[in-house]
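Report on the structure
Chain by chain, the residues:
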Amino acid sequence: MAQPVREVRTIRRAVVTGGAGFLGSHLCEQLLDRGVEVVALDNFLTGSPENVVHLLEHPRFRLVRCDVTDYVHVPGPVDLVLHFASPASPLDYLKMPIETLKVGSLGTLHTLGLAHEKGARYVLASTSEVYGDPLQHPQTEEYWGNVNPVGPRGVYDEAKRFSEAMTTAYRTSKGTDTGIVRIFNTYGPRMRADDGRAIPAFVGQALSGRPLTVAGDGSQTRSICYVDDTVRGILAMAFSPHAGPVNIGNPDELSMLALARWIVELTGSDSPVDFIDLPVDDPKVRRPDTTKAQELLGWQPEVTSEEGLRRTVAWFRERVGALEVRAG
Ligand code: NAD
């Protein structure tokens, strides 16, 4: 087994695109905790300054409003570029197909240009969606995927597949120090309750006593990873020299119906389950093979789904409570 490579480089200053989003805001926080100066670039398309409001006074943090599909200019030295800007929930990217394709293509091109110009390490946020509706289970990085380019989800899946190809081309033709992480379903505090992803939707529905809307018969599976684990994996990749792609996700696989019932139980809700139409091209199964992440990065998830869901429910409950107090 290869020796895990850890923290082989010094990173003093990082640029995080999509820094005001769900994953981006946690990445900014973790980088600051590690002593890194952080410049977050975001156009607030699906994220919000509220996600990083607690960092705004931090002396090593800057938030810059910027659409990375227009141009990317960051004065001064940069050691790391994390390209996380992109609508990520199906509801968002189905509403914003062109923006999604642009940030995956032009946004990737511009941010790779920045990394190349600065001699920085570059990490692309790719996704398990590059595997599409997978014919191989669990998914290893060697699997090429089963994606419908002209289906509604193609705007996201193909944007990410293009961005992987572009990232690889910069590595092979220009020598840019790039890495690709394929992130599987991640959940936790700061997700938007209305972003359409299963966990925030189920938690929001359960806390407000509405029916939980499960697509199809709920037998389709996902593997869910708590945000702290995902962010630790991404940073392990950022501080390593590896090209990837490397799967980052929790192999804990469960059906959507089981997840809905579990959330009802954890919230103590008496919400029923309502079955709704299955979205077009919805993947039937999803589970990462994480052997590579373990061998190359010494990374594996540590937070159990039980613990992660409890923390997430607690965070949403606090917010629902705060909204009720404000409204009352
Ligand atoms: P998010 O929507 O919360 O964050 C994305 C951020 O990118 C938002 O703040 C948005 O305003 C910003 N953005 C979008 N277009 C932009 C542009 N043109 N210029 C500047 N900023 C722009 O989503 P997330 O869940 O935090 O996902 C972050 C990244 O991780 C995405 O690239 C996504 O594809 C990837 N990813 C996430 C997951 C997951 O489970 N959360 C899984 C796989 C991959």
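Residues numbered from 1 in each chain as written. Predicted model: local features only at pLDDT ≥ 70, side-chain atom pairs only at ≥ 80, totals over all residues. Heavy atoms only, no water.

Turning next to the side chain of His26. Within the element layout of this structure, His26 appears in helix 1 (residues 22-33). With a relative accessible area of 8%, His26 lands in the buried category. Polar side-chain contacts of His26 include one of 3.0 Å to the backbone oxygen of Pro189. The residues touching His26, leaving out its near neighbours within four places in the chain, are Pro189, Arg190, Val227 and Val231. (Helix = DSSP H or I, 4+ residues; strand = E, 2+ residues; numbered from the N terminus. Buried < 20%, exposed > 50% of the residue type's maximum accessible area, 1.4 Å probe, protein only. Polar contact = N/O pair within 3.5 Å; in protein donor to acceptor, adjacent residues only side chain to side chain. Contact = heavy atoms within 4.5 Å.)

The immediate surroundings of the ligand are formed by 30 residues, with Leu23, Asp42, Thr46, Tyr156 and Lys160 found nearest. A distance of 2.6 Å separates an oxygen atom of the ligand from a polar atom in the side chain of Asp42. In the complex, 97% of the free accessible area of the ligand, which totals 830 Å², lies under the protein chains. Within the residue set of the shell around the ligand, elements represented by two or more residues are helix 1, strand 5 (121-127) and helix 4 (154-174). Examining the composition of the shell around the ligand, we find that three residues originate from one element, strand 5, more than from any other. Of the residues assigned to the shell around the ligand, the class counts are 15 nonpolar, eleven polar and four charged. (Near = heavy atom within 4 Å. Areas by Shrake-Rupley, 256 points an atom, 1.4 Å probe, with all protein chains shown as cover. Nonpolar A, V, L, I, M, F, W, Y, C, P; charged D, E, K, R; others polar.)

The sheet built from seven strands is open, its strands ordered 3-2-1-4-5-6-11 with parallel pairing. Of all the strands in the sheet, the pair left with one neighbour each is strand 3 (61-65) and strand 11 (246-248). Shown here is a sheet whose adjacent strand axes are inclined to one another by a mean of 20°, direction ignored. Packed on one face of the sheet, helix 3 (residues 97-118) meets strand 1 (13-17), strand 4 (80-83), strand 5 and strand 6 (177-183) and runs near 175° to strand 4. Helix 4 contacts strand 5 and strand 6 of the sheet and is inclined by roughly 155° relative to strand 5. (Pairing = 2+ DSSP bridges. Axes fitted to C-alpha atoms, helices over the stretch in contact; angles between N-to-C directions.)

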